[in-house]
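# Structural overview
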Amino acid sequence: MLHRCRLIPAVLLAALLPITAAAQSAAAPAQAPAQPAPERNDPDILVDPMQPDFTLAALPTTLRLPKGKWAFRVTHRFTRPLDDGNFGDLVSDAFGLDGGAQVGLEVRFGLFSGTQLGVHRTSDRSTQLFVQQSILKQRDGGLLGLDAIATVEGYDNLTDHHESALGFVLSRNLGRRAALYAEPLFVVNANPFAAGDNNTLMLGLGTRLRIRPSTYLVAEYTPRLTGYDPNDSQISFALEGRAGGHLFQLNVSNGFGTTLGQLAAGGISNDDWFLGFNLSRKFF
């Protein structure tokens, strides 16, 4: 009889537990399904495998920067010509790494959807301010990507010899293997001297070939069509690799130009080639 008395509370407790749990579950408000973060719905956040960076070697691309996001880039051009001296001299100078260099620092910001602006400063104290507006996106089913770009540039931290550039950046992805670029660009006051033509009309031409999922070959050429055109037009070739938001590019160019004003001034010479690299980072 004593054992039966002890069992009755235990049985009642076991019977009441499911009922209590069900009541609490019914009383609790239903939780709304988790909503995706707004930025996940922004197509500009997605990786574009054919446009891993905002530039080729020096020319801009049509890659869009998401609204409110940042990107940073370092450009580095060693000033020792690769063909200076014999091969032993080149090796002893670590292929130009022991010499001086022109370094550029760039930061850009997505002001609006399709609108990005930024500043690029090189170690010779030339500074370029730029704004770029997306007009057409090939991702939307169009035949071409199209951006408009405008820059203001000046020597000695924008205090001397001001010049500006206006132009368009046209791109065309050929499947998932190649991207082609054509960029008509007009540079006002490109000539820093009193004599001769003052402005430059040039055409940037470039391509990026995807040889592996995250490895690319890059080539660009910027001939001056009319106006001020000293030296030889700048040419660059590069090998680059993407890892997440980072991209590293090893390049060889016949000049040091990384701004539109510097491209208007041309390369050094087609007889002299210089080792360099770009390092970029997207913060999204």
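Position labels on residues start from 1 in each chain and follow its written sequence. Where local features are concerned, this predicted model is filtered to residues with pLDDT of at least 70; where side-chain atom pairs are given and counted, the filter is 80 or more; whole-chain, interface and lining totals use all residues. Note that the side-chain values use all heavy atoms of the structure and ignore hydrogens as well as water.

Moving on to the overall build of the protein chain. Strands are runs of DSSP state E lasting at least two residues, helices are runs of H or I lasting at least four, and both sets are numbered from the N terminus onward. Across its full length, the protein chain holds four helices and 13 strands. Between two residues, a contact is recorded if the distance between any of their heavy atoms is within 4.5 Å. Sequence-distant contacts in the protein chain: of pairs separated by 6 or more residues, those separated by 24 or more amount to 54%. For the protein chain, the exposed surface amounts to about 14800 Å²; the carbon and sulfur share of it is 65%. Accessible surface area values rest on a Shrake-Rupley calculation with a 1.4 Å probe, where residue burial reflects the displayed protein chains alone.

Turning our eyes to something else, we now look at the environment of D160. Following the sequence through the fold, D160 ends up in strand β6 (residues 160-174). When accessible area is computed with a 1.4 Å probe and restricted to protein chains, residues below 20% of their type maximum are described as buried, those above 50% as exposed, and intermediate ones as partly exposed. Assessed through its relative accessible area of 43%, D160 is described here as partly exposed. When the C-alpha positions of D160 and S126 are compared, they lie 9.2 Å apart, and in sequence the two are 34 residues distant. When residues no more than four places from it in sequence are discounted, the contact partners of D160 are G154 and Y155.

By definition, a salt bridge exists where a carboxyl oxygen of Asp or Glu is found within 4 Å of a side-chain nitrogen of Lys or Arg. Going through the model one piece at a time under the given rule, you end up with five salt bridges. A salt bridge links D44 to R64; the nearest nitrogen and oxygen atoms lie 2.9 Å apart. Here the residue D44 occupies a position in the loop between α1 (2-27) and β1 (70-78), and R64 occupies one in the loop between α1 and β1, the gap between them amounting to 20 residues. You'll find D44 and R64 in the same group, each marked buried. A salt bridge links E106 to R73; the shortest N-O distance between them is 2.9 Å. A residue pair is termed long-range when its members are at least 10 positions apart, and E106 in strand β2 (residues 101-112) and R73 in strand β1 qualify at 33 residues. By relative accessible area, which is 5% here, E106 ends up buried. A relative accessible area of 3% means that R73 is categorised as buried.

Here a patch means residues that are over 30% exposed by relative accessible area and free of salt bridges, tied together within 9 Å if like-charged and within 5 Å if nonpolar (Val, Leu, Ile, Met, Phe, Trp, Tyr). Together, W70, F72, L105, V107 and F283 give the surface a local cluster of nonpolar side chains, amounting to about 470 Å² of exposed area. Among the elements of the structure, β1 and β2 are those that each provide at least two residues to the nonpolar patch. Take V107: it is sitting in strand β2. We classify V107 as partly exposed; its relative accessible area is 31%.

Moving on, we come to the pairing of β1. With respect to burial, β1 is a largely interior element, seven of its nine residues being buried. Where β1 and β2 come together, nine bridges link them in antiparallel fashion. Paired with V74 across the two strands is L105, which belongs to β2. Whether two strands pair comes down to DSSP finding at least two bridges between them. Bridging between β1 and strand β13 (residues 274-283) involves eight bridges; their strand directions are antiparallel. Looking across to β13, one finds that W70 is bridged to F283.

Turning to the packing of aromatic side chains, a few remarks are in order. When two rings of Phe, Tyr or Trp (its six-membered ring) have centres within 6.5 Å they constitute a pair, described as stacked for plane angles under 30 degrees, edge-to-face for angles over 60, and tilted for the intermediate range. One pass over the structure, following the stated rule, counts five aromatic pairs. Measuring from centroid to centroid gives 6.4 Å for F78 and F277, while their planes differ by 55°, and the two rings are tilted. With F78 in strand β1 and F277 in strand β13, this residue pair connects regions lying 199 residues apart in the sequence. Its relative accessible area of 21% is what places F277 among the partly exposed residues. Three or more aromatic residues link up through ring pairs in this structure, and these residues are F78, F248 and F277. A ring is considered to have a charge above it if a Lys NZ or an Arg CZ atom is located within 6 Å of its centre and within 35 degrees of its normal. The ring of Y216 has R208 lying over it, and the distance from NZ or CZ to the ring centre is 6.0 Å. Over the aromatic face of F283 sits the side chain of R281, whose NZ or CZ is 5.1 Å from the ring centroid.

Joining through side-chain atoms within 4.5 Å is the link that ties buried Ala, Val, Leu, Ile, Met, Phe, Trp, Tyr and Cys residues into a set, and such a set is a nonpolar core. By size, the foremost hydrophobic cluster in this structure holds 19 residues, and its most contacted members are L185, V187, M202, L260 and L263. Those elements that place two or more of their residues in this core are β6, β7 (178-188) and α4 (260-264). The element that contributes the greatest number of residues to this core is β7, accounting for four residues. Ignoring anything within four residues of it in the chain, the contact list for V187 reads E163, S164, A165, N199, T200, M202, L260 and A264.

With respect to the secondary-structure elements, L65 resides in the loop between α1 and β1. With relative accessibility at 1%, the residue L65 sits in the buried group. Along the backbone, L65 and T115 are 50 residues apart, and their C-alpha atoms lie at a distance of 7.4 Å. Excluding its chain neighbours within four sequence positions, the residues that come into contact with L65 are F54, W70, A71, R108, F109, G110, F112, Q116 and F284.

This part covers the confidence of the model for the protein chain. Confidence scores per residue from the predictor, reported as pLDDT, run from 0 to 100. In this model, the protein chain carries a mean pLDDT of 88, and residues with pLDDT of at least 70 account for 82%. Every residue in residues 1-5 is under pLDDT 50, and counting partners more than four places away or in other chains gives zero contacts.

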